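# Overview (structure and organization)
Each chain, letter by letter, is given below.
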Amino acid sequence: MKRALLLAAIDPTIGGVLIFGDRGTGKSTAVRALAALLPPMRAVVGDPYNGAPQAGARGQKTHLVPVPVVDLPLGATEDRVVGALDLEKALASGEKAFQPGLLARAHRGFLYIDEANLLEDHLVDVLLDVAASGENVVEREGLSIRHPARFVLVGSGNPEEGELRPQLLDRFGLSVEVATPADLPSRIAVVKRRDAYDRDPRGFCAQWLAADQAIGRRLIAGRKRLAQIETSDAALTRVAELCLHLGTDGLRGELTLMRAARALAALEGAQEILDSHIRTVAPMALRHRLRRNPLDEAGSTVRVERALAEVFGP
């Protein structure tokens, strides 16, 4: 889960992360903690959409702002998500003004949906449109607004509470499963750390500040190194062979697998994509893209690992 989030932060074109797992396994905690690891971004002062400064523009005031990690609550109305007419200003001055929604706040950042499999259908449709176009179009009471809305989509959920719509599932680049620790030392360590945080949040954060900063430096270095990573024809052949072997629909699987392997290479300081990078990210990039096979009762992750052994060897 943590690796997938870091890869999505290094290369947003991967397409986001879907995290499925038991309740109480730290899914939401991990996503919200990502904000502290991200370096601040430069935005135009007064821009409600955190717009990036334009190259060569004169007199443009900019400042550093935290990368937004915006929660999309399950009970949110469509106006809250996409934006709405500013009724207070309309009543006070008679002017039609737009009040940006959660999609505007998430631009250039992360949009987090807890319990994504329980999201209402009309909000799923909105997210699909925005994710495909990279912009949000709002038409209310004769007011037409179009603004950029490019963000990394992160969703979490419990598979026991229902499945995700296939159209939305396909929009997530990476998919991971989180399980409750089955060994005694891990469970004790988690409880100890949670209890230590509850007793002294500031002291706990100070204790782990150096480790967080080290991860942040790796993330920044990975972003800078990403454009220099070579993607050889041999690596692309491996990627295509694996997807062909698994029978994934379309070419989105190949693109996501290639981008994730390249981001992992950048994170680890490699010069090119190696077989080890492809093998590491293949389950999270492909497990949610497989067709159901009634003759094969094995889980999707097992099927990907089995295909890896056949294509790459043991």
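Below, the structure is looked at part by part.

Criteria and cut-off values
- Residues numbered from 1 in each chain as written.
- Predicted model: local features only at pLDDT ≥ 70, side-chain atom pairs only at ≥ 80, totals over all residues.
- Heavy atoms only, no water.
- Helix = DSSP H or I, 4+ residues; strand = E, 2+ residues; numbered from the N terminus.
- Rg over C-alpha atoms; globule rule 2.2 N^0.38 Å.
- Buried < 20%, exposed > 50% of the residue type's maximum accessible area, 1.4 Å probe, protein only.
- Contact = heavy atoms within 4.5 Å.
- Areas by Shrake-Rupley, 256 points an atom, 1.4 Å probe, with all protein chains shown as cover.
- Lys, Arg positive; Asp, Glu negative; His and termini not counted.
- Charge placed at Lys NZ, Arg CZ, Asp CG, Glu CD.
- Salt bridge = Lys/Arg side-chain N within 4 Å of Asp/Glu carboxyl O.
- Pairing = 2+ DSSP bridges.
- Axes fitted to C-alpha atoms, helices over the stretch in contact; angles between N-to-C directions.
- Parallel < 35°, antiparallel > 145°, perpendicular 65-115°, else oblique.
- Left-handed = near helix turned anticlockwise from the far one by under 90°.
- Phe/Tyr/Trp six-rings, centres within 6.5 Å; stacked < 30°, edge-to-face > 60°.

What follows concerns the overall build of the protein chain. Helix and strand counts for the protein chain stand at 14 helices and eleven strands. Relative to its length of 314 residues, the protein chain is compact, with a C-alpha radius of gyration of 21 Å against a globular reference of 20 Å. Taking the principal axes of its C-alpha atoms as reference, the protein chain extends roughly 70 × 50 × 45 Å. Considering the protein chain as a whole, with its 314 residues, one finds that 42% of them fall into the buried category. The long-range share in the protein chain, meaning contacts at least 24 apart out of those at least 6 apart in sequence, stands at 71%. When the accessible area of the protein chain is evaluated, it comes to approximately 17,300 Å², of which 52% is carbon and sulfur surface. Each charge class in the protein chain was averaged separately, 40 positive and 40 negative side chains, and the resulting centres sit 7 Å apart.

On to the pattern of salt bridges, then. Inspection of every chain in the model, using the stated rule, returns ten salt bridges. For R252, the salt bridge is made with D170, and the minimal N-O distance between the two is 2.3 Å. Of this pair, R252 sits in helix 12 (residues 252-268) while D170 sits in the loop between helix 7 (166-169) and strand 11 (174-178), and the two are 82 residues apart along the sequence. The salt bridge partner of R289 is D170, with a shortest N-O separation of 3.2 Å. Separated by 119 residues along the polypeptide, R289 in the loop between helix 13 (275-286) and helix 14 (300-312) and D170 in the loop between helix 7 and strand 11 bring together distant segments of the chain. The exposure class assigned to R289 is buried, which follows from its relative accessible area of 9%. Overall, the relative accessible area of 32% leaves D170 in the partly exposed class.

Turning our attention to helix 2 (residues 27-37). For helix 2, the complete set of buried residues consists of K27, S28, A30, V31, L34 and L37. Packed against the buried residues of helix 2 are helix 1 (2-10), strand 1 (17-21), strand 4 (69-71), strand 7 (110-113), strand 10 (152-157) and helix 10 (209-225).

Spatially, the five strands line up as an open sheet ordered 4-7-10-1-11, and their pairing is parallel. Two strands close off the open sheet at either side, each with one partner strand: strand 4 and strand 11. Averaged over all adjacent pairs, the angle separating strand axes in this sheet is 20 degrees, with direction ignored. For strand 1 and strand 10, the ladder comprises four bridges, and the chain directions are parallel. Looking across to strand 10, one finds that F20 is bridged to G157. Those strands touched by helix 2 are strand 1, strand 4, strand 7 and strand 10, and its axis lies near 165 degrees from that of strand 7.

Bringing the packing of helix 11 (residues 233-246) against helix 12 into the picture now. Look at helix 11 against helix 12: their axes get within 9 Å of each other, and the N-to-C directions meet at 135 degrees. What the angle tells us is that helix 11 and helix 12 run oblique. Where helix 11 crosses over helix 12, the handedness of that crossing is right-handed. When helix 11 is examined against helix 12, the residues L236, V239, A240, L242 and C243 are found in contact with a partner set consisting of G253, E254, L257 and M258.

Bringing unusual backbone geometry into the picture now. The phi dihedral of R108 falls on the positive side, at around 70 degrees, and the residue is not glycine. Here R108 falls in the partly exposed class, since its relative accessible area comes to 28%. Not every positive phi belongs to a glycine, and E115 is a case in point at roughly 55 degrees. Mapped onto the fold, E115 is located in the loop between strand 7 and helix 6 (121-133).

Relative to the assigned elements, G46 resides in the loop between strand 2 (41-44) and strand 3 (62-65). Looking at G46, the relative accessible area reads 71%, which means it is exposed. For the pair G46 and T280, spaced 234 residues apart in the sequence, the C-alpha separation amounts to 42 Å.

This next bit is on the side chain of H147. Turning to its location among the elements, H147 is positioned in strand 9 (residues 143-148). H147 has contacts with Y49, V82, F98, L103, A104, E135 and N136, leaving out every residue within four places of it along the chain.

What follows is about the environment of E230. Its place among the elements puts E230 in the loop between helix 10 and helix 11. Linking E230 and E268, residues 38 residues apart in sequence, is a C-alpha distance of 14 Å. E230 has contacts with Q271, E272 and I273, leaving out every residue within four places of it along the chain.

Applying the stated rule across the entire model yields two aromatic pairs. Centre to centre, the rings of Y197 and F204 are 5.8 Å apart; their planes meet at 85 degrees, and the pair counts as edge-to-face. Between the aromatic rings of F204 and W208, the centroid separation amounts to 6.3 Å while the plane-to-plane angle is 45 degrees, which identifies the pairing as tilted. According to the relative accessible area criterion, W208 is partly exposed, its value standing at 30%. Taken together, the ring pairs in this structure connect Y197, F204 and W208 into an aromatic cluster.

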